[in-house]
Amino acid sequence: MTDIASRGYSNPDVLVSTDWVADNLDTPGIRIVESNEDQLLYPAGHIPGAVQVDWAADLNDQLRRDYLQREGFEALMSRSGIGQDTTVIFYGDRNNWWACYAYWVFQLFGHSNAKVMDGGRQKWEQEGRDLVREVPTYEATNYSAPERNDASVRAFREDVLAHLEAGGQLVDVRSPQEYSGERLHMPDFPNEGALRGGHIPTAKSIPWARAANPDDGTFKTADELKDIYLNEQGLSPDGDTIAYCRIGERSSHTWFVLTHLLGFGNVRNYDGSWTEWGNLVNVPIEK
Amino acid sequence: MITEGIPRTLTDLLDEFSFLERGERVDYLIEYADQFETVPERIATRPYPEDRRVKRCESQAYVWAENQDDGTLKYWFAVENPQGISAKSFCAILDDTISGAPLEEVQRIPGDVIFDLYGKEISMGKGEGLIGILSSVQAFAREAALQQALPS
């Protein structure tokens, strides 16, 4: 894979390479954060010094379907040894899917001093780099976060309806089978189910993982991404865009790609996604 | 947790898990993953055949079954994705607890065991893959039971 700087991204600074991370393991002011789908991966071995942020236990409110509030975020930052000035480097499994999700949640609290390690766990492992089981502890910080601000990067159902009415761009990042409504959910996972199948009208079907190179989990170059999102699917970086999936995690990966790699001006993630839309009464659905 | 009529060794493990904190459960599962043994070459060699591949498992898991003298089966697995640690741990658990178990008991194992082992918070994608592994094992048990029921 070519150098990040030469791939034509609108904001190349938002990515760091595995080499960079390996060279900066002990650099002050940097905290490496692993976020995975598979909850066994971090405890089984992680980048030396990395802390874990767990999407279910740390980022979600444990009662409501919502993200953590300011106090919870401050506590999470404090125990992870992250200050307001700390540069947070996210990485994780599945093409950095969950790393992008954590990155996105951090933006709700304005922690913009954040980057993603290109290629994530997969590339780090393929390169035979060190993984350790020792869980580090850091001195607690005194992190003062602003109130959570959902407005700029998060869309709620009313926003999606208004967006639909205004003719805004929608991206459905689920599998083609979910998009077509052929497949709803597994019987054993009623929590992620929906009563109706299909997609939000006018949404383009662009499965999230198309943005990554399957061989090493790195992001595709800007030209390759433009071929998919702009040339093939007709999206415009100037149009307002909302991405969604089933519960809002896969679409945070696409949010990251559109916002930071392709420079789309206004992208929001609809985390209610299909588990909300497919259960809402009387909203438009296309099959 | 429905455990009646399923292999005793699996019930014992589920009982043990029900007393564990999340962190202890994770450690236990990692221990299993560390013990994972890939299918030996006398059973299969790479590239593994597509018909042994577990559907919808992103860890690229494969399942085989070997007939035992007592009419039960020994199950063998491969997990080709190096990050498929949950899949490896689940395969190691299945080998440990249901290889050699009565075929009808293997067929009765409910998909819920995934939650008992990995917790309710497991993602749907991950759960789907693990259930796929269990279903593949059960398909072998069902097929072997049918063969045994045929008049010789």
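Residues numbered from 1 in each chain as written. Chains lettered and ligands numbered in written order. Predicted model: local features only at pLDDT ≥ 70, side-chain atom pairs only at ≥ 80, totals over all residues. Heavy atoms only, no water.

A.B. asks: What should I look at first to understand the nonpolar core in this one?
C.D. replies: Generally speaking, nonpolar side chains in soluble globular proteins are found buried as a group. Residue and element names in this part refer to chain A. By size, the foremost hydrophobic cluster in this structure holds 57 residues, and its most contacted members are Leu15, Phe90, Phe219, Tyr229, Phe256 and Leu261. Listing elements by their share of this core, those giving two or more residues are α3 (55-59), α4 (70-79), β4 (87-91), α5 (93-108), β5 (114-117), α9 (222-232) and α10 (250-261). Among the elements that make up this core, the one with the highest residue count is α5 (eleven residues). Each of two domains, domain 1 (4-126) and domain 2 (157-277), supplies a minimum of three residues to this core. When sequence neighbours within four positions are dropped, the list of residues in contact with phenylalanine 90 reads Val33, Ala99, Ala102, Tyr103, Phe106, Ala114, Lys115, Val116 and Met117. (Core = buried A, V, L, I, M, F, W, Y, C linked by side-chain atoms within 4.5 Å. Buried < 20%, exposed > 50% of the residue type's maximum accessible area, 1.4 Å probe, protein only. Helix = DSSP H or I, 4+ residues; strand = E, 2+ residues; numbered from the N terminus. Domains from an automatic or database assignment. Contact = heavy atoms within 4.5 Å.)

A.B. asks: What's the story with the packing of helix α1 (residues 8-18) of chain B against helix α2 (residues 22-35) of chain B in this structure? I'm lost.
C.D. replies: Two numbers describe a pair of packed helices, the interaxial angle and the distance between the axes. All names here are of chain B. At a minimum axis separation of 10 Å, α1 and α2 run at an interaxial angle of 145°. As for how α1 packs across α2, the hand of that crossing is right-handed. Within the contact between the two elements, α1 uses Leu13, Glu16 and Phe17 and α2 uses Arg25, Tyr28, Leu29 and Tyr32. (Axes fitted to C-alpha atoms, helices over the stretch in contact; angles between N-to-C directions. Left-handed = near helix turned anticlockwise from the far one by under 90°.)

A.B. asks: How do you make sense of the sheet that holds strand β3 (residues 51-52) of chain A when you look at a structure like this?
C.D. replies: Note: strands within a sheet are paired through backbone hydrogen bonds, in either parallel or antiparallel orientation. All names here are of chain A. Pairing is parallel in the open sheet, where five strands are placed in the order β1-β5-β4-β2-β3. Where the open sheet ends on each side, the last strands, each with one partner, are β1 (15-16) and β3. Packing against the sheet, α5 makes contact with β4 and β5, and its axis sits at approximately 150° to β4. (Pairing = 2+ DSSP bridges.)

A.B. asks: Teacher, can you tell me more about the domain arrangement of chain A here?
C.D. replies: How big an interface is tends to be reported as the loss of accessible area on association of its parts. Residue and element names in this part refer to chain A. You can read the domains of chain A as domain 1 (4-126) and domain 2 (157-277). On a C-alpha basis, the centroid separation for the pair domain 1 and domain 2 is 21 Å. On the side of domain 2, 32 residues touch domain 1, which itself brings 26 residues to the contact. In total, about 2300 Å² of surface goes out of reach between domain 1 and domain 2, with carbon and sulfur atoms giving 60% of it. Where domain 1 touches domain 2, the interface holds zero salt bridges. Of all the secondary structure elements, the ones that give two or more residues to the side of domain 1 that touches domain 2 are α5 and α6 (120-126). Ranked by residues supplied to the side of domain 1 that touches domain 2, first place goes to α5 with ten residues. Residue composition of the side of domain 1 that touches domain 2, by class: twelve nonpolar, nine polar and five charged. (Buried area = accessible area lost by both parts, 1.4 Å probe. Salt bridge = Lys/Arg side-chain N within 4 Å of Asp/Glu carboxyl O. Nonpolar A, V, L, I, M, F, W, Y, C, P; charged D, E, K, R; others polar.)

A.B. asks: I'm lost on the pairing of strand β9 (residues 267-270) of chain A in this one. Help?
C.D. replies: Each regular strand shows side chains that alternate between the opposite faces of the sheet. All names here are of chain A. Side chains of β9 alternate between two faces, with Val267 and Asn269 and Arg268 and Tyr270 buried alike. In this structure, strand β8 (residues 241-244) lies alongside β9, joined through four bridges in parallel fashion. Bridge pairing links tyrosine 244 to tyrosine 270 in β9.

A.B. asks: What is the right way to read the sheet that holds β9 of chain A from this model?
C.D. replies: Taken together, four strands build an open sheet; the order of strands is β7-β6-β8-β9 (chain A) and the sheet is parallel. Among the strands making up the open sheet, the edge pair consists of β7 (204-205) and β9 of chain A.

A.B. asks: It is not clear to me how the packing of helix α3 (residues 85-98) of chain B against helix α6 (residues 124-149) of chain B should be interpreted in this structure. Could you clarify?
C.D. replies: Residues and elements named next belong to chain B. The geometry of α3 relative to α6 is characterised by a closest axis approach of 10 Å and an angle of 30° between their N-to-C directions. By the angle between their directions, the pair α3 and α6 is classed as roughly parallel. As α3 packs across α6, the resulting crossing turns out to be right-handed. Contacts between α3 and α6 involve Ser86, Ala87, Phe90, Cys91, Leu94 and Ile98 on the former and, on the latter, Lys126, Leu130, Ile133, Leu134 and Val137. Looking at side-chain class alone, the contact of α3 with α6 contains nine nonpolar, one polar and one charged residues. (Parallel < 35°, antiparallel > 145°, perpendicular 65-115°, else oblique.)

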